[in-house]
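This is what each chain is made of:
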Amino acid sequence: MRRANLLFAASLLAANVFGWAISSDASIGTDSVALSATGVSTSGCPPFKKGNFNIDAYQLYPENMDWDAKLCQVYIGILFNASFGVYDPYNDKLEVISFPGNTLVKEFHVGGVAWDKYSGLATVIIGQGNAFETVGANISGDNIIKKYDPRSKTFLWSLNITEVAKGEYGGFNDITHDAAGNTYFCGTYPSSILKVDRKGTAVVPWYLPETVDHTVRGYSGIASHGDTIITLDSRLGKLFRFDTTAAKGMPTPLPHVPDAAITGGDAIRLPLKFEGKVLLIAENRRGVSVLRSQDATWRSAEYLGLIPMDPNLPTGALTTSVTQIGEKIYAVTDWFGDQIVPGTVAGNKTSFPMIDITAKIDALLLG
Ligand SMILES: *[C@@H]1O[C@H](CO)[C@@H](O)[C@H](O)[C@H]1NC(C)=O
Ligand SMILES: *[C@@H]1O[C@H](CO)[C@@H](O)[C@H](O)[C@H]1NC(C)=O
Ligand SMILES: *[C@@H]1O[C@H](CO)[C@@H](O)[C@H](O)[C@H]1NC(C)=O
Ligand SMILES: *[C@@H]1O[C@H](CO)[C@@H](O)[C@H](O)[C@H]1NC(C)=O
């Protein structure tokens, strides 16, 4: 078995981890100009030629992944260790970035990670495992959002979500961005969308339900195309649409036809290669649902079908996310139920499968 080359970069980054430093406009602005509002060409990266493969890294337990179509690398939310992975799929090389005070502290999990096609920056959320493990009963503890510049390998800003949420809502786990440089992330207990401005000045609640009851499960995934944000309410199995040009988020139901069941939904993605027309929904125990909006406006969605999970995966496998790599699409698999290895914060797995679902998506799109 080949082991991914692990490089721990904690010392290199420690100086920035607790910083609330605000990046200069220039460092963000340069790339916003370079990448037009229509997004990036995803063909700038070398073709990725592997089919199914494994990332061999002890206790990787990936909750979420996202593709950086400019630097041609994958960001990984390393769930239980609560660290952030930067993975070079071409050379099978994993760099693990630690957050002193959070990484390897069992209360903390890293769920959400996302790449911003407009700025070239990445966002990571360090949250509370308990919110999910108690299905919203206990959402106490700190939640932090950080902005990472993958070129300088520094964190530009870090904000305390809990200061804003005040323990009333939690379970923050999926992220998206708009062309103006804003970051949006959703919370699951109950549904929420919070917004951070381009400079990382403040976290502001952008959408909250009328009744804020953290025992009600809601949004598990968020994605966007142009001015349209899509969320998945994982309890209802329904999608909602929002307009980022509005001062406050206002959900509009986004019907899917046929009205197939979407159950155990987790992260959602609009992979860059489909130019906003194809939405992929990770469903923990089922696989990946494929939906389409031919004109990418998402006033309604065609439900094209489910790509079921490989039944031969080790017991307890859960589809948690989906990521593009090169021009391929992979399902991300995690295991929440593995027994914790004493003295550590995660189970004993050393190998994590990346399932190539590209051909199955293409078949549904043609079908
Ligand atoms: C997770 O943490 C353990 C130490 O508890 C370490 O041995 C392992 O390499 C870490 N895994 C990753 C992917 O960082
Ligand atoms: C809630 O979870 C936190 C850890 O995230 C723990 O310290 C605390 O004791 C829990 N509270 C209850 C009432 O179980
Ligand atoms: C985050 O905010 C909460 C609530 O105000 C506070 O208790 C906690 O100490 C803060 N954490 C950090 C790391 O600043
Ligand atoms: C991992 O742990 C499970 C039980 O939790 C055990 O059955 C399995 O043999 C362990 N695997 C390794 C490689 O130690």
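Use the structure listed above.
Residues numbered from 1 in each chain as written. Chains lettered and ligands numbered in written order. Predicted model: local features only at pLDDT ≥ 70, side-chain atom pairs only at ≥ 80, totals over all residues.

## Thoughts on the overall build of the protein
Line of reasoning, step 1. Along the backbone of the protein there are 5 helices and 26 strands.
Line of reasoning, step 2. Within the span of the protein, comprising 367 residues, buried residues form 49% of the whole.
Line of reasoning, step 3. Of the contacts formed within the protein by residues at least 6 apart in sequence, a portion of 57% connects residues at least 24 apart. (Helix = DSSP H or I, 4+ residues; strand = E, 2+ residues; numbered from the N terminus. Buried ≥ 20, exposed ≤ 12 C-beta atoms within 10 Å, placed from the backbone. Contact = placed C-beta atoms within 7 Å.)

## Quick notes on the site of ligand 3
Line of reasoning, step 1. By nearness alone, every residue bordering ligand 3 is listed as Asp-142, Asn-160, Thr-162 and Glu-163.
Line of reasoning, step 2. Class assignment for the residues of the shell around ligand 3 results in no nonpolar, 2 polar and 2 charged. (Near = placed C-beta within 6 Å. Nonpolar A, V, L, I, M, F, W, Y, C, P; charged D, E, K, R; others polar.)

## Looking at the site of ligand 1
Line of reasoning, step 1. Near ligand 1 you find Ala-57, Tyr-58, Gln-59, Leu-60, Ile-78, Asn-81, Ser-83, Val-96, Leu-104 and Thr-344, and these make up its full shell.
Line of reasoning, step 2. Broken down by class, the residue content of the shell around ligand 1 amounts to 6 nonpolar, 4 polar and no charged.

## Focus: the environment of Thr-215
Line of reasoning, step 1. Relative to the helices and strands, Thr-215 is located in the loop between strand E14 (203–207) and strand E15 (219–225).
Line of reasoning, step 2. On the basis of neighbour counts, which here come to 12 C-beta atoms within 10 Å, the residue Thr-215 falls in the exposed class.
Line of reasoning, step 3. Counting along the chain gives 78 residues from Thr-215 to Ala-137, while the straight-line C-alpha distance between them is 5.4 Å.

## Some thoughts on the pairing of strand E23 (residues 301–308)
Line of reasoning, step 1. Examined bridge by bridge, strand E19 (residues 256–257) and E23 share 2 bridges and lie parallel to one another. Bridge assignment links His-256 to a residue of E23, and that residue is Ala-301.
Line of reasoning, step 2. As paired elements, strand E22 (residues 287–292) and E23 share 6 bridges and run antiparallel to each other. Considered in E23, the bridge of Val-288 is made with Ile-307. (Pairing = 2+ DSSP bridges.)

## Considerations on the sheet that holds strand E12 (residues 183–189)
Line of reasoning, step 1. What the 4 strands build is an open sheet, ordered E11-E12-E13-E14; its pairing is antiparallel. Two strands close off the open sheet at either side, each with one partner strand: strand E11 (170–177) and E14. Across this sheet, the average inter-strand angle for adjacent strands is 30°, counted without regard to direction.
Line of reasoning, step 2. Where E12 meets strand E13 (residues 192–196), 5 bridges bridge the pair, whose relative direction is antiparallel. When the sheet's bridge partners are listed, Phe-185 is paired in E13 with Leu-194. (Axes fitted to C-alpha atoms, helices over the stretch in contact; angles between N-to-C directions.)

## Here we look at the environment of Lys-50
Line of reasoning, step 1. Along the chain, Lys-50 turns up in the loop between helix H2 (25–34) and strand E2 (53–56).
Line of reasoning, step 2. Overall, Lys-50 belongs to the partly exposed group, with 14 C-beta atoms counted inside 10 Å.
Line of reasoning, step 3. Placed 276 residues apart in sequence, Lys-50 and Gly-326 show a C-alpha to C-alpha distance of 10.0 Å.

## Some points on unusual backbone geometry
Line of reasoning, step 1. Here the residue pair Tyr-189 and Pro-190 is connected by a cis peptide bond, since its omega of -15° sits within 30 degrees of zero.
Line of reasoning, step 2. With respect to the secondary-structure elements, Pro-190 resides in the loop between E12 and E13.
Line of reasoning, step 3. Put simply, Val-257 and Pro-258 share a cis peptide bond, and its omega is -5°.
Line of reasoning, step 4. Its place among the elements puts Pro-258 in the loop between E19 and strand E20 (265–269).
Line of reasoning, step 5. Look at Leu-104: it is not a glycine, yet its phi comes out positive at around 65°.
Line of reasoning, step 6. Within the fold, Leu-104 resides in the loop between strand E6 (93–97) and strand E7 (108–115).
Line of reasoning, step 7. Taking the number of C-beta atoms within 10 Å as the measure of exposure, Leu-104 has 17 and is therefore partly exposed.
Line of reasoning, step 8. Positive phi, close to 55°, is recorded for Lys-153, a residue that is not glycine.
Line of reasoning, step 9. Position of Lys-153 among the secondary structure elements: in the loop between strand E9 (144–149) and strand E10 (154–160).

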